[in-house]
Amino acid sequence: MPKQEAGDPADAQVTAAIVLSAAGAALGGLLFGFDTAVISGATQALQAHFSLTDASLGFTVSSALIGTVIGSLIAGAPADRYGRRAVMLSVAMAYVVSSIGTAVAPGWAVLIAFRFLGGLAIGAASVVTPIYIAEVAPACFRGRLVAMNQLNIVLGILIAFLSNYIIAQALPPERAWRWMFGIVAVPSILYLFVTLTLPESPRWLAIKGAREKAISTMRRLGFLHPAAELDRIEMAERREMAHGSPRLFQAAHSVPVACAIAIAMFNQLSGINALLYYAPRIFELAGAGAESALLQSVAVGGTNLLFTVLAFFFIDRFGRKPLLYVGSVVCGVALLLVGWQLERASPDGTLILIGLLGFIAAFAISQGAVIWVFISEVFPSAVRGKGQALGSTTHWVMAAAITWLFPVVAGSVGGWVFAFFGAMMLLQFIWTWRVMPETNGIALEDMDLRRDAA
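Residues numbered from 1 in each chain as written. Predicted model: local features only at pLDDT ≥ 70, side-chain atom pairs only at ≥ 80, totals over all residues. Heavy atoms only, no water.

Participant: Could you give me a rundown of the overall build of the chain, with the residues and numbers involved?
Facilitator: If you tally the helices and strands in the chain, you get 20 helices and zero strands. Counting the 454 residues in the chain, one finds 61% classified as buried. Counting contacts in the chain only where the partners sit at least 6 residues apart, residues at least 24 apart contribute 83% of the total. A total accessible area of about 16,500 Å² is found for the chain, and carbon and sulfur atoms account for 69% of it. (Helix = DSSP H or I, 4+ residues; strand = E, 2+ residues; numbered from the N terminus. Buried < 20%, exposed > 50% of the residue type's maximum accessible area, 1.4 Å probe, protein only. Contact = heavy atoms within 4.5 Å. Areas by Shrake-Rupley, 256 points an atom, 1.4 Å probe, with all protein chains shown as cover.)

Participant: Account for the pattern of salt bridges, with residues named and values stated.
Facilitator: Going through the model one piece at a time under the given rule, you end up with two salt bridges. Notably, a salt bridge pairs Asp80 with Arg84, separated by 2.8 Å at the nearest N-O pair. An identical accessibility class is assigned to Asp80 and Arg84; each is buried. Across the pair Arg84 and Glu135 runs a salt bridge, and its minimum N-O distance is 2.8 Å. A residue pair is termed long-range when its members are at least 10 positions apart, and Arg84 in helix 4 (residues 84-104) and Glu135 in helix 5 (residues 108-136) qualify at 51 residues. The burial state of Arg84 is the same as that of Glu135; both residues are buried. The structure contains a network of salt bridges with shared partners spanning Asp80, Arg84 and Glu135. (Salt bridge = Lys/Arg side-chain N within 4 Å of Asp/Glu carboxyl O.)

Participant: Give me the packing of aromatic side chains: which residues, what numbers.
Facilitator: Applying the stated criterion across every chain yields a total of nine aromatic pairs. Where Phe50 meets Trp177, the ring centres are 5.8 Å apart and the plane angle is 65 degrees; that geometry is what we call edge-to-face. Within this pair, whereas Phe50 is found in the loop between helix 2 (43-49) and helix 3 (54-82), its partner Trp177 is found in helix 7 (residues 173-182), the two being separated by 127 residues in sequence. The same class applies to Phe50 and to Trp177, which are both buried. Where Trp177 meets Phe181, the ring centres are 6.0 Å apart and the plane angle is 80 degrees; that geometry is what we call edge-to-face. Taken together, the positions of Trp177 and Phe181, both in helix 7 and four residues apart, correspond to about one turn of that helix. A residue is classified by how much of its surface remains accessible, and Trp177, at 1% relative accessible area, is buried. Each member of the aromatic cluster is reached from another via a ring pair, and the members are Phe50, Trp177 and Phe181. (Phe/Tyr/Trp six-rings, centres within 6.5 Å; stacked < 30°, edge-to-face > 60°.)

Participant: Break down the packing of helix 15 (residues 320-342) against helix 17 (residues 367-378) for me, with residues and values.
Facilitator: At a minimum axis distance of 10 Å, the contact between helix 15 and helix 17 shows a crossing angle of 145 degrees. In the packing of helix 15 onto helix 17, the handedness of the crossing is left-handed. Mapping the contact onto sequence places Arg320, Leu323, Leu324, Gly327 and Cys331 in helix 15 and Gln367, Val370, Val373 and Glu377 in helix 17. Here the residues of the contact of helix 15 with helix 17 are counted per class, giving five nonpolar, two polar and two charged. (Axes fitted to C-alpha atoms, helices over the stretch in contact; angles between N-to-C directions. Left-handed = near helix turned anticlockwise from the far one by under 90°. Nonpolar A, V, L, I, M, F, W, Y, C, P; charged D, E, K, R; others polar.)

Participant: Any chance you could break down a nonpolar patch on the surface for me, citing the residues and the numbers?
Facilitator: A contiguous nonpolar surface patch, about 350 Å² in accessible area, is contributed by Ile70, Leu73, Ile74 and Phe116. Among the elements that line the nonpolar patch, the one with the most residues is helix 3, at three residues. Given the relative accessible area of 30%, Phe116 is considered partly exposed. (Patch = residues over 30% accessible without salt bridge, like charges linked within 9 Å, V, L, I, M, F, W, Y side chains within 5 Å.)

What follows is the structure, given as structure tokens:
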């Protein structure tokens, strides 16, 4: 591990300015979670209102995920060229328009279009928010501050489940689904105003040659040695440029590229989005009534939030790999339990609930918290935006495919789909053990040094 010097980000204090900047950016994560999960309470109403088949319902749900694939694919280059803050502002505006548009959509095609726009915003947010937080955070607290984004994602998921339940109790189904979508406009407008107050990433300013602005921003954020830190950033940039143009796909970046793709694929091969999008339907398959299924979905959201809070404290203390070791094993066992029960002639609803809550707890404390932190750390500064885009795009391609296919596959093979997810988690354990590097506590500018040393 490289020796830390004066001016290392680990030398900086975690000031109120850093925390507020990270928290403000992480509001994008709250909308990410809210917008992701809110449709779970509206699937039956949408199917009835628009006369959708299971396949067209799957497309309706995954239409936002198709947008996330494109959003994550195109967000990296603008984030590197125009700045992290500019992309976050665009994301905030897209969230506002999408939430209002889906609420008032007069037809299925219009609903799909606005869900696609919301997906573009989610995909872009999944790229730029972790980058921004990682670049304003001291190394010794970076995991916790980037994990704040994941904390907000699961808080948004819980709020979505709660709001769905409350709205479903207050309004008839033909009106409730519109309010479920429309309520997302409230935090979207808040995020837009907060983003206007955020400083630009000092590392992005440094890479663009805006030395005085970078130093001023570092002082505002509370870095103890901004000039020395800027020298470190510029030295890392010169070292990276010495290897040639900042292309992502080259031999020097093979390890972070492979790791970003792998962790993103395993994240979705756990089946997490299938559970979040179809939680009420899964509980109904286990024998729960519609109202009880919505309440059990709230329990899923609450468990997700609780264990993400625990991950917030563990991720910098124990590192990224130990959390994945524990999470992989527990997720695998819990998913196999759910699959076994769903294949029984008389499935035990209590055991299925225990299995799903155990899965969501293990997921939240492991890959749910680790994925965005790890991807935001493992790439050198010159290609961090492109690398984050690669990881996010892989994540969302897998999410779209699994979410689209889940209703059809689950209808054909039943509980075996959960057994498949469980097997993937055990495979993730082997990958983490044999391949994944540890990034905990390493300054961003030293990540490539550590890679070269390995």
